[in-house]
6 protein chains.
Amino acid sequence: MSLSVDPMVLKLARKKLEEFLEEDAWVGDITSQVLDISGKQEAVIYAKSEGVLAGTTFVKEIFKMLDPESYVIERLREGEEFSRGEELLVVVSEVKALLTGERLSLNLLQRLSGIAHFTRRFVKILEGTKIQLLDTRKTTPGFRLFEKYAVRVGGGRNHRIGLFDGIIIKDNHIKAAGGIRKAVEMARMKANPLLKIEVETTNLEEVEEAVESGADMIMLDNMSKDQMVKAIEIIRKYDKNIKIEASGNINEEKLKEIRDLDLDFVSSGAIIHSSPWCDLSKELRVVPAAPEF
Amino acid sequence: MSLSVDPMVLKLARKKLEEFLEEDAWVGDITSQVLDISGKQEAVIYAKSEGVLAGTTFVKEIFKMLDPESYVIERLREGEEFSRGEELLVVVSEVKALLTGERLSLNLLQRLSGIAHFTRRFVKILEGTKIQLLDTRKTTPGFRLFEKYAVRVGGGRNHRIGLFDGIIIKDNHIKAAGGIRKAVEMARMKANPLLKIEVETTNLEEVEEAVESGADMIMLDNMSKDQMVKAIEIIRKYDKNIKIEASGNINEEKLKEIRDLDLDFVSSGAIIHSSPWCDLSKELRVVPAAPEF
Amino acid sequence: MSLSVDPMVLKLARKKLEEFLEEDAWVGDITSQVLDISGKQEAVIYAKSEGVLAGTTFVKEIFKMLDPESYVIERLREGEEFSRGEELLVVVSEVKALLTGERLSLNLLQRLSGIAHFTRRFVKILEGTKIQLLDTRKTTPGFRLFEKYAVRVGGGRNHRIGLFDGIIIKDNHIKAAGGIRKAVEMARMKANPLLKIEVETTNLEEVEEAVESGADMIMLDNMSKDQMVKAIEIIRKYDKNIKIEASGNINEEKLKEIRDLDLDFVSSGAIIHSSPWCDLSKELRVVPAAPEF
Amino acid sequence: MSLSVDPMVLKLARKKLEEFLEEDAWVGDITSQVLDISGKQEAVIYAKSEGVLAGTTFVKEIFKMLDPESYVIERLREGEEFSRGEELLVVVSEVKALLTGERLSLNLLQRLSGIAHFTRRFVKILEGTKIQLLDTRKTTPGFRLFEKYAVRVGGGRNHRIGLFDGIIIKDNHIKAAGGIRKAVEMARMKANPLLKIEVETTNLEEVEEAVESGADMIMLDNMSKDQMVKAIEIIRKYDKNIKIEASGNINEEKLKEIRDLDLDFVSSGAIIHSSPWCDLSKELRVVPAAPEF
Amino acid sequence: MSLSVDPMVLKLARKKLEEFLEEDAWVGDITSQVLDISGKQEAVIYAKSEGVLAGTTFVKEIFKMLDPESYVIERLREGEEFSRGEELLVVVSEVKALLTGERLSLNLLQRLSGIAHFTRRFVKILEGTKIQLLDTRKTTPGFRLFEKYAVRVGGGRNHRIGLFDGIIIKDNHIKAAGGIRKAVEMARMKANPLLKIEVETTNLEEVEEAVESGADMIMLDNMSKDQMVKAIEIIRKYDKNIKIEASGNINEEKLKEIRDLDLDFVSSGAIIHSSPWCDLSKELRVVPAAPEF
Amino acid sequence: MSLSVDPMVLKLARKKLEEFLEEDAWVGDITSQVLDISGKQEAVIYAKSEGVLAGTTFVKEIFKMLDPESYVIERLREGEEFSRGEELLVVVSEVKALLTGERLSLNLLQRLSGIAHFTRRFVKILEGTKIQLLDTRKTTPGFRLFEKYAVRVGGGRNHRIGLFDGIIIKDNHIKAAGGIRKAVEMARMKANPLLKIEVETTNLEEVEEAVESGADMIMLDNMSKDQMVKAIEIIRKYDKNIKIEASGNINEEKLKEIRDLDLDFVSSGAIIHSSPWCDLSKELRVVPAAPEF
């Protein structure tokens, strides 16, 4: 299921990783530059907290960029759960590359494994229902590709990637267009015909308007459980093919509360923006380097 | 003290913001593209939680990129605290630009204001002492420039920006070099002479070795308060000019515990990676657009 | 309905136009460099064949890049038909900019106006029916953004922009996945839920399989009119909401033949790749420049 | 004679091909992404029309970018003629790479083989004369490098690549400079001394002026055969070393008409902009992929 | 005659200048960043040695990049000679921009004015002859555009810009091709027909072979005056239209020695690579800034 | 000690080398393009003047870019001295790559070996003292990375790389800030705490002010030997830990004069900007190529 197999995603990720390296290391790790060290060494990355491993794919790329002959030994596969003290992976590489790529690889793994871990908790709450967990566009600027990857590793499903691959008519679009009906109609007439049309609604009037406008998918935004029940009833009565998504401040409590409703999707920004970082560390296993002459 | 006045930082930020826009909006907000709307409108960004405003500088740039004639009216200045319900800023711009830049500007403000808010809580704990709060390199890949900006807005001080503008001899450098003394000596002999040499220590033996090696600054990493007291004594006795930094899992409790020690700096990764996002929202104030012919 | 109003599309177009200028003019038009000419002049672009004007938006950008104080006077608006001899637009700019941007602006206008012209002929054939004309991904590498723009100017509607904003399960996907049913199922389960699923079919068995698999849209590829009639019957009987697209070697004859069928869309690669260039020319109206000293 | 052997051209082409891939596939072929397929497969590209093969060099690069271990088996070499039904090349690659690079490689081959085919028809008309066929700068923006390559594959010769590697004093330059004589003189005095000076002429007066100004090469633009005969007489009488180029709406009829004149070059924009695309297709030969676990 | 008027050259120069700024100032002048200074100030650049002013065009761009509202007052025009103590230009700009752009603008002016100064000395030696002074491709990597500009400011003429806009068959080309005759023939048959063919020769046999092969221009490389005399005789006798260039370790002495020969060009690498930097300095005229609050 | 071992520096260098190749060779060496030559050949680079070899690391990269299977045989190691006539290195590569990369590799080696050679002369003067030779930021725009590398090869030590990795409060900073004391204080309070603070002084009053302000390092700029003696006395009396750097028009004479002073560093711009190019040449050893069919 790995993202790494799509060749275009890997190309995009590599460009980003190059930038991340420049951000941290620009003209190099000046500390290791002065040390006159060289030679292949290995470093182990291990857990100081529990989590779900995500990001090894990218760590491999980071060290390949710094040392084309480096390689990574995976103790766990991405998506596997780990507990405190466990070894996750071992990097074998030129020692300067190990030191230069250390912080970036840890930051990446800690962040992504944290998201995968948090996502999995949400996914487990939905187990046994037909509801699928979606992410949102509330992501860290510049880092979405990776954060959405971690959601998938955690067991969630990705919503649209950006503004360009899905139509969601939100409150501000509705205002700008002058109503739901008008907005849906225009989208129906002019958009790429492979796109469904989703409408964001916050009350039952809007739900009815969306349904009648021919929306393919309806988002129930920030509604109480009671409101959702009524909204679902309206929608299902009208057309069984319309997909229903609950959204807005979805946390674990809320999720437990609504897991038995007739929803297709629940989307949560929190699985990305509120997931705590895992705590990981990296330890070199080095033989002291002989000075260069 | 604003970052925005440094011309090079602004240049770097603009490049990043261009990328962030591409990430979210690539070939455009296809939802607003089909709506046949145009004309200058305004949108207000207001708070749904409390926080410390950070990021307006960048929001201005985002909308300038989308509409060179857009402008922002600041209700609060960066660094000011806000509470739930307050209006933070108003963007006046071409309506498609307002819709296209919406998510990015919110993601940015929510993340940065969250960091500034969390940093300020730490800074307040240190008030009345000589200790300064520093950040670390535990930042979201690709977003450090902005996260470190938010720390400054919150009242913190930046540690080195990356591996290239400061020498910290860490555990793995020490192992690779074959000891603290050797590493410090090499740095003294070969590094850019404008750089101080900091050594990371985890116990009193290392503190003594660092002191005797001539380190300019010593980091006490993950030590208990008792250990810190002894380490400080060793250092101050040897040379009053050596700067002392406490680091490692610094949270608010720990900070309160050690605020009365004779430290120069406390550094915390948590002020960035564990700060909760502020909750902000954006509302268009639009006149329904007339269809184009 | 102009593309030029979407801010992200304009940003992408500008990057491309910069590259196009470099391709033709790299270190400059060395012929005009040696001439010691300067000063504001005007040049008129006029038609030597008939066509539908498309591309003025980009010509403005080209000259703005070469001379920020240049401007364009539009004799016709984009989308208007012109005949031989008509003046289309006048560029007022620094004379070296006029000479440097000449070939690129003509190449662009000739190609885009040719596409718009050819597209309109197809669109006119469909007038009075509910069928909409779509383009395809058979475009000149690197120039798709512009070619799809010209289709819209000509009155056509864009299909998906690329592989990333629409799911079409084509013959090779079906083979790779091991059948239509399996492919549709996987897409239903894992893709961005805002995307419809279209299946390409070449015979009635595939049409039935696609229909039963739950495809949202079905492409009838390279079928005879008779086959189409039967395919449409199968599909409409099963589910009235399924969209039907005819495709494959659609030329004007074929279009006339099938215009009375119960189709939703006809897609044609020819409107882009087989449209003849319009013939345009550019004439300077200059006052001989005084030599510089 | 292959373009592929020049290392700088290959570098430029690779950059372009990366962009072309991004244009079509951006965040990936989402259809194949959801299919859980993997493993090496092969695809054959075969002809559905006749043509002259051009572009294999670039197709290899496209698949190398998507899968470094891919390779291409050439059934025909570039420059060879093919007829309907013939296999042109086989690509062996990871299946997702095969699907992702399919449209781009076909678009490229269809366009380039079309140009090579059309060019060869023109070249054949000139066989047995000393006249060489040149291309022009009337090319698709951003795609010139490839189009000029196809001209060479077809047997044509390239004129200058852009405004930067050749001096042609055209009508608008003459106007701007205040006359042919003045323009030639300035070019003679100031340009890179390795460049010849060509003057575009449209009547016999201009031809005489060009000849007397010392032009190294003279373009007879849009002249009738009769005018050409007289122009050639004027030029040859004056100086046998001056090169003569006929240009302007050169099609096959015109070419046949003037093939017996004492010309050095005929240049044609049509060989690029009016060449019809060849019709090619790509077929996967796949073993159904086992699902990943 | 200024380079600044060609719009493409200015575009290329701006890209380079952006890189130069990043090289020196990356995340900013950290010294001025901490100073809390702001406001418009002025700085004068004055001479501490004599020279010929070159580069003001670029200095303007540097400060525009750092502060769009900055401007430059020119005390001298480019190409004018200055002596020790003279004020050359005044920059008025935001004070941080003045400090950030200082070193780059001085490095640029010192290098370019040095080249212009040295070039002019060579040019003066040739005054009264028909010989023109050319530069070569012996330039600092990445800086050629600017160095060739300075040659023009100093009164020299540019040879080809790179390997792409002129054909010179040099010793290694001749070896690779298997002789002068073969190389010239191939170039005549296949190169862009707007290019002359120059052959590098080091002895009289080669001169004769070049002449007979039909070379348009002949370089006499590293010959003694006596050899040159004979070579010129051979060439002129054969064809008066062949251009003759003397090259190879041309310094002022050599130039004086050969200035009376019947040469068309003398080319010198020394005017660029051996020209001493001018000594310039920049002084701020500032009012102490009030601290920001 | 080689720069080549730092992976980030190598990444930056490669980007630059790509640009340098484009500058010279853009669409290729058109002379070798027409020659129909191919096959592996070798070329030797030998010395026509004495010098200290620097730059082989980069020459390897240049040819790798042009021909991934090329390699370099080093006759001398970087840092070794060579005399006239010696062979320095042999490049084995595809012949077109050899011709295309020739000028760039020579320009690079000649410039860098010249700097290394000149630097070593300065370093030798300081032998037997504790004084270290530093470079400055007076470098060729865009080429600093390479020039500073050559200084290290010659035996010098690098000062800060740019404005971003060291604080030097210079005359203009002092003016802008309103005095040395104020500037030092602000830097102490706000800068990255790993940076020392150096103050530039031009007379004894400034030296005293710098000392009392707590500067970590003091630059004696353009002082006479007598002034230096007094300045050193003031500084050493106050604090033995303050580093002292002499700067300003340091040439070999000046260096001999001050080598016995109690200085820590002498910095010289001349070792870079006034170092003469070494004279090197490259000779192909080729077998005449068979024509391609």
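This is a predicted model, so every value here is computed, not measured.

Concerning the domain arrangement of chain A
All names here are of chain A.
Move 1: Domains assigned within chain A are domain 1 (7-120 + 276-286) and domain 2 (121-273).
Move 2: Each partner contributes to the interface: domain 1 provides 23 residues, whereas domain 2 provides 23 residues.
Move 3: Buried area between domain 1 and domain 2, summed over both chains or domains, comes out near 1,800 Å², and the portion from carbon and sulfur atoms is 66%.
Move 4: Looking at the side of domain 1 facing domain 2, the largest losses of area belong to F118, T119 and R120, adding up to 37% of the total buried there.
Move 5: Seen at the junction of domain 1 and domain 2, the total is two salt bridges.
Move 6: For the salt bridge of E81 with K124, the shortest nitrogen-to-oxygen distance reads 3.2 Å.
Move 7: For the interface between domain 1 and domain 2, the tally reads 17 residue pairs in polar contact (both at pLDDT 80 or more).
Move 8: Only α1 (7-25), α3 (56-66) and α5 (102-126) provide two or more residues apiece to the side of domain 1 that touches domain 2.

What about the sheet that holds strand β11 (residues 265-267) of chain F?
Residue and element names in this part refer to chain F.
Move 1: Pairing within the open sheet is parallel, and its six strands lie in the order β6-β11-β10-β9-β8-β7. The sheet terminates laterally at β6 (132-134) and β7 (167-169), the two strands that pair on one side only. Each neighbouring strand pair of the sheet contributes to a mean axis angle of 25 degrees, computed without reference to strand direction.
Move 2: Where β6 lies against β11, three bridges are found, and the strand directions are parallel. Across the sheet, L133 pairs through a bridge with V266, a residue of β11.
Move 3: Contacting β8 (197-201) and β9 (217-221), helix α9 (residues 204-213) crosses the sheet at an angle of about 165 degrees to β8.

So, the interface of chain B and chain A
Move 1: Contacts between chain B and chain A engage 65 residues on the former and 65 residues on the latter.
Move 2: Both sides of the chain B and chain A interface together cover about 5,800 Å² of buried area, and 58% of this is carbon and sulfur.
Move 3: The three residues of chain B that bury the most area against chain A are E23, P141 and L163 of chain B, which together make up 12% of that side's buried surface.
Move 4: Across the contact surface, chain B and chain A share ten salt bridges.
Move 5: For the pair chain B and chain A, the interface holds 34 residue pairs in polar contact (both at pLDDT 80 or more).
Move 6: By residue number, the principal contributor to the side of chain B that touches chain A is helix α1 (residues 7-25) of chain B, which donates six residues.
Move 7: Looking at the side of chain B that touches chain A, its residues break down into 32 nonpolar, 15 polar and 18 charged.

Some thoughts on the relation of the copies chain B and chain A
Move 1: Rotating chain B by 180 degrees about the axis while translating it 0.0 Å along that axis superimposes it on chain A, leaving an RMSD of 0.0 Å. Taken together, the rotation and translation relating the two chain copies correspond to the operation of a two-fold axis. Across chain B, the smallest distance between a C-alpha and the rotation axis is recorded for G142 of chain B, namely 3.2 Å.
Move 2: A share of 100% of interface residues in chain B that are also interface residues in chain A marks the association as one of identical surfaces.

Focus: the interface of chain D and chain E
Move 1: Counting residues at the interface gives 25 residues for chain D and 26 residues for chain E.
Move 2: Contact between chain D and chain E buries roughly 1,900 Å² in total, counting both sides, with carbon and sulfur atoms accounting for 55%.
Move 3: The largest per-residue losses of area from chain D upon contact with chain E belong to P193, L194 and K196 of chain D, which jointly make up 38% of the total buried on that side.
Move 4: Where chain D touches chain E, the interface holds zero salt bridges.
Move 5: Scanning the region where chain D abuts chain E turns up twelve residue pairs in polar contact (both at pLDDT 80 or more).
Move 6: Taken together, the elements giving at least two residues each to the side of chain D that touches chain E come down to β6 (132-134), β7 (167-169) and α8 (180-190) of chain D.
Move 7: Looking at the side of chain D that touches chain E, the element that brings in the most residues is α8 of chain D, giving four residues.

Basis of the calculations
Residues numbered from 1 in each chain as written. Chains lettered and ligands numbered in written order. Predicted model: local features only at pLDDT ≥ 70, side-chain atom pairs only at ≥ 80, totals over all residues. Heavy atoms only, no water. Domains from an automatic or database assignment. Contact = heavy atoms within 4.5 Å. Buried area = accessible area lost by both parts, 1.4 Å probe. Salt bridge = Lys/Arg side-chain N within 4 Å of Asp/Glu carboxyl O. Polar contact = N/O pair within 3.5 Å; in protein donor to acceptor, adjacent residues only side chain to side chain. Helix = DSSP H or I, 4+ residues; strand = E, 2+ residues; numbered from the N terminus. Pairing = 2+ DSSP bridges. Axes fitted to C-alpha atoms, helices over the stretch in contact; angles between N-to-C directions. Nonpolar A, V, L, I, M, F, W, Y, C, P; charged D, E, K, R; others polar. Least-squares fit on C-alpha atoms with pLDDT ≥ 70 in both.

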